[in-house]
Structure formats: C-alpha cells, structure tokens
Amino acid sequence: MSSASASPTLDQLLAPYMGQGRTMLLPALHAVQQAQGHIGFEAATAIARALDVPVADVFGVVEFYALFSAEPRGQHTIRVCHGPVCRAHGADQVAQALSAHLGVAEGETTPDGQWTLERFPCLGLCEHAPAVLVDDRAVAPADPAHPEAVLHPTPEDEPKPVVGGSVRVLTAWEDPTQPRSLRAYRAAGGYRALEQNLPAEEIVARVKASGLFGRGGAAFPTGLKWQFAAQAPAQPKYVVVNADESEPGTFKDRALLEADPHAVLEGALLAARAIAAEKIYIYLRGEYGRAYRILQRALHEARDAGFVGPQAGVEVEIRRGAGAYVCGEETALFESIEGKRGFPRLKPPYPTTHGLFGRPTVINNVETLAAVPFIVREGPDAYRAWGTDESPGPKLFPVSGDVARPGVYEAPFGITLGELLELAGGPRGEVQAILLGGAAGFFVGPDALQVPLTLEDLRAAGLALGSAAVMVFNTQRDLRQVLLDVAHFFAEESCGKCYPCQLGTQRQYELLQRIFAGRAQPQDLALLDDVGWTMTDASLCGLGQTAANAVLSAKRLWPHLFEAGSEDA
Amino acid sequence: MADTVRLTIDGQEVTVPAGSTLLQAAQAAGREVPTLCYHEALTPPGLCRLCVVEVDGARTLQAACVTEARDGAVVHTRSPRVERARRTTLAMLASATNLDEAPQLQAYLQDYAADPAAFGPVARREYPLIDDNPMYVRDYSQCVLCWRCVQACATDAQYVFALTFAGRGFHTRISTAYGVSMPESPCVFCGQCVAVCPTGALKPRRTFLLEQGYTPEQLAHYAAVDHDAVHPPATHYAGQV
C-alpha cells in the first residue's frame, strides 16, 4: 500500500475506466477499494459519473460484495476463514490469536488504522486449513502460535496446490506448485488442438461425442450447450469462464488455474471458435490472488504467441469477483460482469440464447474447459477410455478434512469414495461423516465408501456429484458444529432476492442453533423440514435449491444429533 | 405456432392464448393463486415465490407469474408441496416483518394456516421510521422486499434511480445511496413507489399524520404556515450513515 502523499487521486484511479460504462463497475470499485481502503460517498459519486451509473446503484453494488466496503477499513484487511473445514481445524484459535495479538475484536480495526480483522465465510483453501487471507495473499495453514507471521505473508509462504491421483490427464504436469509455462504446455501438445483450425462444427461434434458434462455442479452436457449457442442467431456471442469457485470444500479450479492456466485458456479459445465468439471473459473468484497473478501472466504469454488478440480474432478479459458465493450461479455471474448486484435471473431464457449482455453465451466451469483441449486433440474415444458410458472421462476431486493428504485428486469416474480417500492417503482417524459434493451437497456415512462416483450411481443413491468436493470428518469432530458452519455459510451468502432462500437460510441457521443448544421448541424439527423443503422446492436459483441439502441429509442419517439431551453424539 | 394452448389446472382443462403465464391460465380456470411481488404494471421479478405451483414433470415448483403455460401441461395449484412452500414462506415472512398493514397478506396467512409465532424468538427486520420529507414516510419494518418501489423508481417507470438495496440476504433493505435523506437524493417525489407498495412501508405523510391523530384542519393550518411544523412526537428521525 502506498503512502498518503503518493496516493493516486480519484481521477487517476478512474482514468482507465472512464466512459466505458457500467460493465467496468467492479473493476473500478476494486481499484478504489484497494487504494483508499473503502468506497465512500465522494468516490462513489465520481465512479457514477465516470461510468454513467446511478450513484444509488454504485452503493447497492458496494453493499453486495464482501470485498467492498462503504465504511473505512484499515490499511490491511485480515480475513480468517470460517468454512466448515477450517473451523474443524482450528480457525477459532487462529482468530483468537490474531485478535489478542492486534488487540482488536473481530470486525474491528486497530487504533493506528493498520489492520482490520474479519471472519470470512470461506476462502477456498480447505486443503490447507486453517486459512487466512491478508489483503490478497493467502496464509495457510495459519499457525495460531505465531500470529505475527500470519500478518506478513511472502509469496513463498503462499499455499500451493497439492495434486495427486490415479490418472494424469487434466493434471499431466510435473510440478503443481509452479504454473506450467507456455513453452512447457506446448511441448506437451498444448495449443495443438487450437492450431488444427478445425471447423466449428467439428469441435462441437468432438465435444458432444466425448460425453463431457459440466463440472461446476449442474452436469449439463457441454457439447449440447455449445451447439445451442452456436445455433443462436444473435450477435455478438460470448464465452465466459466460470472461475468463481466459492463453495466450501471446493478448490479444484484453483489448482488448475494455478498449475496449468494455458489448458483453461485453450479450452476457452476452442469454445470461442466453436460458437464464433470474439470475446472471452474469465470471471475469477476475488479471493484467489495467486491464481489472478498467474492467469494474468499466462494471458500475456498467449497474447504474445498470437493465440489471443486482434490477429487471433478473439479477446480475453479477466474479471475479478468481489466476495459473493452466489456469483458462481451463471446468471448472477453475468449480472456481476454487467456491473450489478449478483442477483440470479429467472430462467428461461437460458444463457445460450440470452446470456451476458443478453447475448448468446457459453458459460463453462474451469475444469470443463480444461478437459476440452485433450478431447479435441486426441479425440472423443481417447477421452472415453476412462469412466463409464454416462460419466465418461477423468475427474478432479477436491478432498479435504480428515485425510492424510488433503488435495486435488484426479481419478476416472467410477472410482469409489473409499478408493478416492485412499488416493488422499486414507482417512485420518475413523470416518464419521463425509460431506459429498460441496457445502450444497449431501452428508453420507462410512457405509457409503463403496459408492462408485458417477452421475448414475450417485443419482441412484439419492446423492449428487455437485462440485465433486469430498469433506471428511472423523469421529473426533463435532458434526453439530459442522452443520452450524454450513448453515451459517448459506445465511451469509444468500443474495436476498427470493423469499425461500433469503428467509430460509436465516431461519435454518437459527433453528439449528436452538436445537443444538438444547433449547428446541416442540415444533422446531418439523419447522426445520418445512424450511429446508421450501428452499429446495421453491427457491429461484440452484444455490437456494441446494442450501438445505446438508442439513436435511444429516437429519435423515443421524436423527439423534437433533434430539434434545444427546450432547454426546 | 398455435394461437392457443390447452392445459390442465387442478383437473380442469383450460384453453388460453399462447404465451400466457401459468398465473393467467390459473385465473382463467377460476383458481386463485396468491401473489405478492407481482404487479401488472411492473416487470415481474418472480422472487416472492408465493405463486409457486406444481407442474407434472418439473423438478421444482414453478413461479406461476413468470412461467409460460405449455400445451398439455398438468398443473396443481394447491398440492401438498405447494401448500407447504406457501405456508412456510408466509410464516417466515411474517416472523421477520411487520405485516399489520398488509391485509392481503393477512388473508393469505389465514388461508394457509401459516403460524409465524411457531418460529419463536428469531431475528426480525426492525428499523426506525424515516420521516425526512414532506411527501411520504418510510417504515422499513413493514418492508417485504418485493422490489416494486425500486423498479418503479428505475426503468419500470420513472428513471430516477433514487433507490437501491443495502446489505444482502436476510439483512437486505431498501435504501438511498449511502442512506442520504430523500431530499438529498435524486427523488422527484412522484409518488410511484408509494402507489405500488403492497404494505404500510411507504405511506403518504398526510395519511401517516392523520393516523397519528392530527385532524385535517390542523394539517391544513400547519401546511399554510410551515409544513415542517408538523412533527408527530412519536416519530424517530433516522439520520442514516
């Protein structure tokens, strides 16, 4: 952070965005937030003028995103992750140590204006729990015995991806701790798929034949999505890379972005060619500072090599999110790029005809796109050598919690949950519960270790693949606390648009607090069901519809946890 | 494309113009479907979810106000799933917000046997009344976050953009930029927001003062002399931010 005398003026800060309209709102807010520590009325008014946005809307957007603040903050902001895995691995001790060291409570700023201490719903660093973010540098695991070290992270300290697995297709790199350079990527066959200059129809045909489906959670067939967007008559068209991975337990996309950014870029460039899009947006989770720096460098390399830019006929722009889980929902993400609060839109219409800026858009998860270069280069049959008919290919599984080596593991679809845990070094302690598919997924017990991880097997078992996250909790962990953390996450992250989620996430959290504290009222268990099913059945978007999965599944499996007077579960 | 579609609503066949919503189709079939955020003059945001209905083959319930009626659809407007969703949503809403001056919502609460008291002591959205201009008062403790005022102030009617949302999730509230008073905001006092408010959250100041016990004569007298003179003693002045 620069000293006061060298601080850029508002005019200087906003010069790069002047006259570019509302879509530049988040970039402008990031610039002001970083330089001034908050976005006050004067700055908001200047931004409103520069981008021709109502000042009320500027304020509304500032209020929506956790990384923006309308109130002054300290020079540096320390965010202590309170996701379920970090919480189970000492987040409270870290927060207490920092609080004692700085002499401030959570939510407060030190008297010298240097440090603001906050708890944060999730930082996406579950494999390195407990995690802390200092401005945009991560420290994980954070050591509560050395709070002063937590405050001054160096690039060397930053947590790097931990990667393993039984196959190496998406993870066919040598060192996950270093981003694979353009040269190394090309030496391994990278960008060859793009350089083949295949006709758009052929690219779509190969992706369709591969059976690739979306890796963000909804599992929609990728080739079909591309075909719809290719057939949509309106112009221009867009490709959007959904790199807003924000669900507790999910950190696979960060590993890909940090270790192999060119694979993601090439996949997006192939998508752009397939649908004749001239613009690609990469919407990256705001908390992913290291991934941002790596991605920027990779984009420079790709531009220098002629894969991106005017001569390539396609532009790529990286946009940073600003702390909102809901922006991983595809239509909320569009709203965010358009400079608005991240409210999900009604569907239909769907993104393939009415996406970003109302235009035909392909939006894909990072891992989905990273699989595309292999599919186009080697052919669909090569890809189908792994997995099952309905769930072909290799898959990344982020495994965290009580296993010997938390990390991202690549395995073919069909691997059982138990085999996957063995890839991660096996459980640490005795498995009590696994939260499968992310915080929006379902709890299972140790009896589910035999379940093959495929779409079809999970569906048959009443489960879902979701983001493929696997969070393991051993018998030492307090499952009630885990459930409270998950419920708190959704209450914090609900966008507030539709009533079932806006009200239900809050009531779900309050009911759980009451039930677990032994203060349940007679009707509370029935209410918990009503609230959960109402969110599941009636919420506007997929995030609200899954915000009760963990609680409802735990209640089915372990009813004793919810009964009064059974404190010893 | 055919000009009409035929579908079944609660066992009854209806034929409606193609492009109709399920809400319109249900009304054509004589079925009552509760609505709250829906207003015929505004873009339906589809967010209150009170109008949800069950459509055979659909995974989740569908908001009738924004779902197109499809040929051959089989729709249930009061199935057990629908009843549960409406009852729970209404009870949660009433447990968070003062609905005393929303008679339509009170009727819905009765109709669906929704019991907000069942939630016991939980967080409510309570805010001080804002009386910062001569035209209308704002009591956001009665606000149901239906978006109508924000929409009317913006591109659905006035293009004034005085209103937005502060906070997020349960703690979302309607606000001016940085909570400035209405006279400091771009508000032109057109009254559109007051006209579309479905609860007592936005109210003409005169109505409010009459409710407080002032007589029309008193108000006329004060208005002729100095409108600022009428400051009901019960009113909080919430200078925000």
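Not measured: the values here are computed from a predicted model. (Residues numbered from 1 in each chain as written. Chains lettered and ligands numbered in written order. Predicted model: local features only at pLDDT ≥ 70, side-chain atom pairs only at ≥ 80, totals over all residues. Heavy atoms only, no water.)

Colleague: Lay out the overall build of chain A with the relevant residues and their values.
Modeller: Each helix and strand in chain A was counted, giving 24 helices and 14 strands. Computed over C-alpha atoms, the radius of gyration of chain A comes to 23 Å, within 12% of the 25 Å expected from 2.2 N^0.38 for 569 residues, which places it in the range of a compact globule. Seen along its three principal axes, the alpha-carbon backbone of chain A occupies a region of about 70 × 60 × 45 Å. For chain A, buried positions account for 65% of its 569 residues. As presented, chain A carries roughly 19,500 Å² of accessible surface, and 51% of it is formed by carbon and sulfur atoms. Charged side chains of chain A number 48 positive and 66 negative; the gap between the two group centres comes to 5 Å. (Helix = DSSP H or I, 4+ residues; strand = E, 2+ residues; numbered from the N terminus. Rg over C-alpha atoms; globule rule 2.2 N^0.38 Å. Buried < 20%, exposed > 50% of the residue type's maximum accessible area, 1.4 Å probe, protein only. Areas by Shrake-Rupley, 256 points an atom, 1.4 Å probe, with all protein chains shown as cover. Lys, Arg positive; Asp, Glu negative; His and termini not counted. Charge placed at Lys NZ, Arg CZ, Asp CG, Glu CD.)

Colleague: Summarise the interface of chain A and chain B; cite the residues concerned and give the values.
Modeller: Counting residues at the interface gives 54 residues for chain A and 52 residues for chain B. Both sides of the chain A and chain B interface together cover about 4,100 Å² of buried area, and 59% of this is carbon and sulfur. Among the residues of chain A in contact with chain B, Tyr499(A), Arg507(A) and Asp537(A) are the three that bury the most area, contributing 19% of the side total. For the pair chain A and chain B, the interface holds four salt bridges. Residue Arg81(B) is joined to Asp537(A) by a salt bridge in which the shortest nitrogen-to-oxygen separation is 2.8 Å. For the interface between chain A and chain B, the tally reads 27 residue pairs in polar contact (both at pLDDT 80 or more). Elements represented by at least two residues in the side of chain A that touches chain B include exactly α3 (41-51), α4 (55-64), α20 (479-493), α21 (499-516) and α22 (524-538) of chain A. The residue inventory of the side of chain A that touches chain B, partitioned by class, reads 26 nonpolar, 14 polar and 14 charged. (Contact = heavy atoms within 4.5 Å. Buried area = accessible area lost by both parts, 1.4 Å probe. Salt bridge = Lys/Arg side-chain N within 4 Å of Asp/Glu carboxyl O. Polar contact = N/O pair within 3.5 Å; in protein donor to acceptor, adjacent residues only side chain to side chain. Nonpolar A, V, L, I, M, F, W, Y, C, P; charged D, E, K, R; others polar.)

Colleague: So what's going on with the environment of Val240(A)? Which residues, and what values?
Modeller: Residue and element names in this part refer to chain A. Inspection of the secondary structure puts valine 240 in strand β6 (residues 238-243). For the pair valine 240 and isoleucine 363, spaced 123 residues apart in sequence, the C-alpha separation works out to 4.6 Å. In this structure, valine 240 is in contact with Tyr281, Leu333, Phe334, Ile337, Leu356, Thr361, Val362, Ile363 and Asn364, ignoring residues within four places of it in sequence.

Colleague: How would you summarise empty space enclosed by the protein if you had to cite specific residues and measurements?
Modeller: Residues and elements named next belong to chain A. A complete count under the given rule lists nine cavities of 30 Å³ or more for this structure. Reported here for the largest cavity is a volume of approximately 140 Å³. The set of elements that each furnish at least two residues to the lining of the largest cavity consists of α20, α21 and α23 (542-545). Tallied by class, residues from the lining of the largest cavity come to eleven nonpolar, three polar and two charged. There are two domains that each give the lining of the largest cavity at least three residues, and those are domain 3 (163-383) and domain 5 (479-567). (1 Å grid on protein atoms, 1.4 Å probe; cavity = no way out; pocket = protein on both sides within 12 Å on 5 of 7 lines; lining within 4 Å. Points joined across faces, edges and corners; volume = space filled by probe spheres on them. Domains from an automatic or database assignment.)

Colleague: Before we move on, can you summarise the domain arrangement of chain B with the specific residues and values?
Modeller: Residues and elements named next belong to chain B. Domain boundaries in chain B define domain 1 (1-124) and domain 2 (136-236). Residue-level contacts link 17 residues of domain 1 with 18 residues of domain 2. Surface buried jointly by domain 1 and domain 2 totals about 1,400 Å² across both partners, of which 59% is contributed by carbon and sulfur atoms. A per-residue breakdown of the area domain 1 buries against domain 2 is headed by Leu36, Leu42 and Glu101, which together make up 36% of the total. Across the contact surface, domain 1 and domain 2 share one salt bridge. Among the ionic pairs, lysine 203 bridges to glutamate 101, the shortest N-O distance being 2.5 Å. The tally of links from domain 1 across to domain 2 stands at eight residue pairs in polar contact (both at pLDDT 80 or more).

Colleague: Tell me about the domain arrangement of chain A, and name the residues and values.
Modeller: Residues and elements named next belong to chain A. Domain boundaries assigned for chain A yield domain 1 (4-64), domain 2 (76-143), domain 3 (163-383), domain 4 (394-474) and domain 5 (479-567). If you average the C-alpha positions of domain 2 and of domain 4, the two centres end up 27 Å apart. Taken together, the contact between domain 2 and domain 4 spans six residues of the former and eight residues of the latter. For the pair domain 2 and domain 4, the summed buried surface comes to about 510 Å²; carbon and sulfur atoms form 75% of the total. If you sort the residues of domain 2 by the area they bury against domain 4, Val85, His89 and Glu127 come out on top, with a joint share of 70%. Counting the contacts that link domain 2 with domain 4 gives zero salt bridges. Residues that form the side of domain 2 that touches domain 4 fall into these classes: four nonpolar, one polar and one charged.

Colleague: Please set out the packing of aromatic side chains residue by residue, giving values where relevant.
Modeller: Inspection of the entire model under this criterion finds 23 aromatic pairs over all chains. Residues Phe343(A) and Trp147(B) carry aromatic rings whose centres are separated by 4.8 Å and whose planes lie at 45° to one another, so their mutual orientation is tilted. In this pair, Phe343(A) sits in the loop between α15 (330-337) and β9 (361-365) while Trp147(B) sits in the loop between β6 (136-138) and α4 (148-153), so the two residues belong to two different chains. For Phe343(A), a relative accessible area of 8% puts it in the buried group. An aromatic cluster is present here, built from Phe64(A), Tyr65(A), Phe68(A), Phe343(A), Trp147(B) and Phe165(B) joined pairwise through their rings. Positioned above the aromatic ring of Phe213(A) is the side chain of Arg215(A), whose terminal nitrogen or guanidinium carbon lies 4.8 Å from the ring centre. For the cation-ring pair, Lys395(A) lies above Phe397(A), with the distance from its terminal atom to the ring centre recorded as 5.8 Å. (Phe/Tyr/Trp six-rings, centres within 6.5 Å; stacked < 30°, edge-to-face > 60°. Lys NZ or Arg CZ within 6 Å of the ring centre and 35° of its normal.)

Colleague: Describe the sheet that holds strand β3 (residues 132-134) of chain A, with residues and values.
Modeller: Residue and element names in this part refer to chain A. An order of β2-β1-β3-β4 is seen for the four strands of this open sheet, with the pairing classed as mixed. The open sheet has two edge strands with one neighbour each: β2 (115-120) and β4 (137-139). Taken over all neighbouring pairs, the strand axes of this sheet differ in orientation by 25° on average, direction set aside. The sheet contact formed by strand β1 (residues 76-81) and β3 spans three bridges and is antiparallel. Along β3, the bridge assignment pairs valine 80 with valine 132. Contacting β1, β2 and β3, helix α6 (residues 91-102) crosses the sheet at an angle of about 155° to β1. (Pairing = 2+ DSSP bridges. Axes fitted to C-alpha atoms, helices over the stretch in contact; angles between N-to-C directions.)

Colleague: Residues and numbers for the packing of helix α10 (residues 200-210) of chain A against helix α11 (residues 222-231) of chain A, please.
Modeller: Residue and element names in this part refer to chain A. Viewed as axis vectors pointing N to C, α10 and α11 meet at an angle of 150°, and their least axial separation amounts to 7 Å. Classified by the interaxial angle, the pair formed by α10 and α11 is roughly antiparallel. Counting all contacts with α10, which are made through Ile203, Val204, Val207 and Lys208, the residues of α11 involved are Thr222, Gly223, Leu224, Trp226 and Gln227. Considering only residue class, the contact of α10 with α11 consists of five nonpolar, three polar and one charged. (Parallel < 35°, antiparallel > 145°, perpendicular 65-115°, else oblique.)

Colleague: Can you explain the pattern of salt bridges? Please cite residues and give values.
Modeller: All names here are of chain A. As enumerated under the stated definition, the model contains 48 salt bridges over all chains in all. Its salt-bridge partner being glutamate 158, residue arginine 293 comes within 2.8 Å of it at the nearest N-O pair. Highlighted residues: arginine 293 in helix α14 (residues 289-304) and glutamate 158 in the loop between α7 (147-151) and β5 (163-165), separated in sequence by 135 residues. Shared partners join several salt bridges into a network, and the residues in it are Arg215, Lys252, Asp253, Glu367 and Lys395.

Colleague: Break down the layout of surface pockets for me, citing the residues and quoting the values.
Modeller: Residues and elements named next belong to chain A. Taken as a whole, the second largest pocket encloses approximately 970 Å³ of empty space. Lining the second largest pocket are 32 residues, and of these His30, Gln34, Asp136, Tyr292 and Arg320 lie nearest its centre. Mapped onto the lining of the second largest pocket, the elements with two or more residues apiece are α2 (25-36), β1, α14 and β8 (315-320). A class-by-class count of the residues in the lining of the second largest pocket yields eleven nonpolar, eleven polar and ten charged.

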